[in-house]
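Here are the chains, one letter per residue:
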Amino acid sequence: IKKVASSLFITKKLSLQFLICLLLSIGFSFVANQHDFKRFDSLFLLVMGLGLINSFACYCQWRATDLNVTKTALFTQGDDILSMILAFLILNEGKFITLKWGLGIILVMIAAALFVTAPTLIPQKVENKDFLEQHRKNDRAIWKWVMGYNLGWGLTSFMFRYLGLKGLSIFSFL
């Protein structure tokens, strides 16, 4: 995945990927004959906007992968945590959490926090100051891209759950 993420044509490849998804969705809707393409209501615009956010989040994830595969993998759970928190606060999904599940979620979050913070807590002896400065610059760039995909995927994951509970059909989603 690092080789693909480091490709010079990643933006074109991602654009092509999402264009193909759009064309397949339109084709599927025509075949199913379930969607009125003359109707562009607020729900259609909301789903389309979420699709654009999802596309941008995917781009952010590829950029982060290009910089550092390991750190990107460590930070990937952020979108799930955001989605869970939003579902807990807005959808009142805390009623489904038992004591065992709650303890499991807390342990997973503690482990994730330790994995993410361990590199900064463990002192590293570096004698080359230029290497250290480049490493810090790289870390700032990774944080920017990681925040982009975590916020994007966390929000879209929550919103698709929310819209599913409100009765969004598969055809409207496509």
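Draft legend 1. A look at the overall build of the protein. When helices and strands are tallied, the protein shows 8 helices and 0 strands. Long-range pairs, those at least 24 residues apart, make up 86% of the contacts in the protein with a sequence separation of at least 6.

Draft legend 2. Seen up close, the pattern of salt bridges. Taken as a whole and judged by the stated rule, the model has 1 salt bridge. The residue R161 makes a salt bridge to E93 at a minimum N-O spacing of 2.8 Å. Of this pair, R161 sits in helix 7 (residues 129-165) while E93 is found in the loop between helix 5 (78-90) and helix 6 (99-121), placing the two residues 68 residues apart along the sequence. Under the relative-accessibility criterion, R161 is labelled partly exposed at 40%.

Draft legend 3. Structural context of helix 3 (residues 42-67). Taking 1.5 Å per residue as the helical rise, helix 3 with its 26 residues ought to reach 38 Å, and the 38 Å between its terminal C-alpha atoms agrees with that figure. V47, L50, S55, A57, C58, Y59, C60, Q61, W62, A64 and T65 are the residues of helix 3 that are buried.

Draft legend 4. Spatial organisation of the packing of aromatic side chains. In total, this model carries 5 aromatic pairs according to the counting rule given. Between Y59 and W145 the ring centres are 5.7 Å apart and the planes differ by 85°, which places this aromatic pair in the edge-to-face class. Here W145 lies in helix 7 and Y59 lies in helix 3, a separation of 86 residues in the sequence. Comparing Y59 with W145 shows no difference in burial state: the two are buried. One aromatic cluster in this structure is built from F56, Y59 and W145.

Draft legend 5. Seen up close, a nonpolar patch on the surface. A surface patch of nonpolar side chains, about 780 Å² in accessible area, is lined by L16, L19, I20, L22, L23, L24, I26 and F30. By the element assignment, L16 lies in helix 2 (residues 10-32). On the basis of relative accessible area, L16 is assigned to the partly exposed category, the value being 47%.

Draft legend 6. Layout of the nonpolar core. In terms of nonpolar packing, the biggest core is built from 13 residues, with L14, W62, A64, F75, W145, V146 and Y149 touching the most fellow members. Counting residues per element, the ones that place at least two in this core are helix 2, helix 3 and helix 7. Top element by residues in this core is helix 3. It accounts for 6 residues. If we skip the residues at most four places from it in the chain, Y149 touches A57, C60, Q61, A64, T72, F75, T76, D79 and G154. By size, the runner-up hydrophobic cluster in this structure holds 9 residues, among which are L50, L86, F158 and L163.

Parameters and conventions
Residues numbered from 1 in each chain as written. Predicted model: local features only at pLDDT ≥ 70, side-chain atom pairs only at ≥ 80, totals over all residues. Heavy atoms only, no water. Helix = DSSP H or I, 4+ residues; strand = E, 2+ residues; numbered from the N terminus. Contact = heavy atoms within 4.5 Å. Salt bridge = Lys/Arg side-chain N within 4 Å of Asp/Glu carboxyl O. Buried < 20%, exposed > 50% of the residue type's maximum accessible area, 1.4 Å probe, protein only. Expected span 1.5 Å × (residues − 1). Phe/Tyr/Trp six-rings, centres within 6.5 Å; stacked < 30°, edge-to-face > 60°. Patch = residues over 30% accessible without salt bridge, like charges linked within 9 Å, V, L, I, M, F, W, Y side chains within 5 Å. Areas by Shrake-Rupley, 256 points an atom, 1.4 Å probe, with all protein chains shown as cover. Core = buried A, V, L, I, M, F, W, Y, C linked by side-chain atoms within 4.5 Å.

Don't take any of this as a statement about function, it's just geometry.
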